[in-house]
Amino acid sequence: MDLGTIKKYKEFTKKLTENDRARLKHLLGGEFDEVISYMLENDCKLEQEAVEQ
């Protein structure tokens, strides 16, 4: 999922759990840093089911 998708469906995002935050921080340092940083800074996650196909 890219940053544009998360922003487009922002109204459908949910708040991060502490477990989500820990897992995301562990993933930092790769190609998805922009998305992960946005999620951490905005306390949000987007379930794939919320995205229109």
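We now turn to the structure provided with this report.

Thresholds applied
- Residues numbered from 1 in each chain as written.
- Predicted model: local features only at pLDDT ≥ 70, side-chain atom pairs only at ≥ 80, totals over all residues.
- Heavy atoms only, no water.
- Salt bridge = Lys/Arg side-chain N within 4 Å of Asp/Glu carboxyl O.
- Helix = DSSP H or I, 4+ residues; strand = E, 2+ residues; numbered from the N terminus.
- Buried < 20%, exposed > 50% of the residue type's maximum accessible area, 1.4 Å probe, protein only.

1. Side note on the pattern of salt bridges
Okay, so step 1: Using the criterion set out here, one finds 4 salt bridges in the structure.
Okay, so step 2: Linking Asp43 and Lys15 is a salt bridge whose minimum nitrogen-to-oxygen distance equals 3.8 Å. Note that Asp43 is positioned in the segment after helix H3 (33–42) and Lys15 in the loop between helix H1 (3–8) and helix H2 (18–27), a separation of 28 residues in sequence.
Okay, so step 3: Among the residues examined, Lys15 registers a relative accessible area of 61% and is labelled exposed.
Okay, so step 4: For Asp20, the salt bridge goes to Arg23, with nearest N and O atoms at 2.8 Å.

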